[in-house]
Amino acid sequence: MRHTESDLRALLDERGHHPAGREPSVSLDAIVRRGRRIHRGRRVRRALGAGGALAAAVTLVFTLPVIRQEAPPASMTAGPPADMAEVVRAPELPATYQVKLGAKEFTMPRIHAEQFSTVGVHRTITFTPVSRSTGFTVVCADPRAWVVTITDTRSGEPSGTSGRCGKGGGPHHDELSAPADWLKRPQTLEVWVFPSDAPISKVMKSTVGCEPRGCDEDDQAGALSRPEVLERLSAEVGEQPGGWAVGVYDAPRKE
């Protein structure tokens, strides 16, 4: 049952006087003012409670993205991206490299090796040569994978090889082809490995063109020597599982 303020005033006026006829110890106006303060206080507390819940919800919305951003980017984690469940290991590298220059034949030991579990991206191999006769070999879990190797030459123009991984071979330096500073600092070898079904013909048509008869194996291998084809093909393929390894071989320095 609800009472209005006028009802309350009438009731208090009737019963509020002291039995001895004196004025009540608490005036009617004071009681009304107190009741109004209590009512306002309850409204404020209810408003604060609702506001607190809203503030908590807003904080949650903005906190979740910040927490997620604290996770390290994929580029900083070791190994292949998290969605690559399959890890394919590369076959073993040969221990030596056979060199045949005309009538001259000799064997070079391996001085450096690196293994990778993904293809489709560019890799830079850094090593320190011990002579001007340096050779390179790339082996792949899929022998039909495409491989491109690029290294500096004495002329200043980069040179290398491109083709199917299983066909073997790789660039080889000698006294005539090695850069003048070959033994003065660490050197690098650029390597690209692509899956066997990489859409090379598709990329060629949009970059360097393709003959009406189509792009055969030799045409595709030749196109892989073009930087614009390599970059576009890498973007098209993306990084994906694929094991391979590269070895650097060198002859002992002659005193």
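The sections below set out a description of the structure shown in this document. (Residues numbered from 1 in each chain as written. Predicted model: local features only at pLDDT ≥ 70, side-chain atom pairs only at ≥ 80, totals over all residues. Heavy atoms only, no water.)

### With respect to the overall build of the protein
Then, number 1: Scanning the protein from terminus to terminus reveals five helices and eight strands.
Then, number 2: Reading the secondary structure of the protein in the N-to-C direction produces α-α-β-β-β-β-β-β-β-α-α-α-β.
Then, number 3: Of all 255 residues assigned to the protein, the portion counted as buried reaches 28%.
Then, number 4: Counting only carbon and sulfur atoms, one obtains 54% of the accessible surface of the protein, whose full area is about 16,600 Å². (Helix = DSSP H or I, 4+ residues; strand = E, 2+ residues; numbered from the N terminus. Buried < 20%, exposed > 50% of the residue type's maximum accessible area, 1.4 Å probe, protein only. Areas by Shrake-Rupley, 256 points an atom, 1.4 Å probe, with all protein chains shown as cover.)

### Focus: the pattern of salt bridges
Then, number 1: Inspection of every chain in the model, using the stated rule, returns eight salt bridges.
Then, number 2: A salt bridge links Glu-105 to Lys-100; the nearest nitrogen and oxygen atoms lie 3.9 Å apart.
Then, number 3: Put simply, Lys-202 and Glu-236 hold a salt bridge, and the shortest N to O gap is 2.7 Å. Here Glu-236 lies in helix H5 (residues 227–237) and Lys-202 lies in helix H3 (residues 200–207), a separation of 34 residues in the sequence.
Then, number 4: What makes Lys-202 exposed here is its relative accessible area of 52%.
Then, number 5: The exposure class of Glu-236 is partly exposed, given its relative accessible area of 39%.
Then, number 6: Several salt bridges converge on common partners, so that one network encompasses Arg-144, Arg-164 and Glu-217. (Salt bridge = Lys/Arg side-chain N within 4 Å of Asp/Glu carboxyl O.)

### Focus: H5
Then, number 1: Taken together, the buried positions of H5 are Val-229, Leu-230, Leu-233, Ser-234 and Val-237. Buried residues of H5, seen end-on, are gathered within an arc of 130 degrees and therefore sit on one face of the element. H5 presents Pro-227 and Ala-235 as exposed residues on the side facing more than 90 degrees away from its buried surface.
Then, number 2: For H5, the secondary structure elements touched by its buried residues are strand S5 (146–151), strand S7 (187–194), H3, helix H4 (217–223) and strand S8 (240–250).
Then, number 3: Residue Gly-238 follows H5 closely and has a positive phi angle near 75 degrees. (Arc of directions from axis to C-beta. Contact = heavy atoms within 4.5 Å.)

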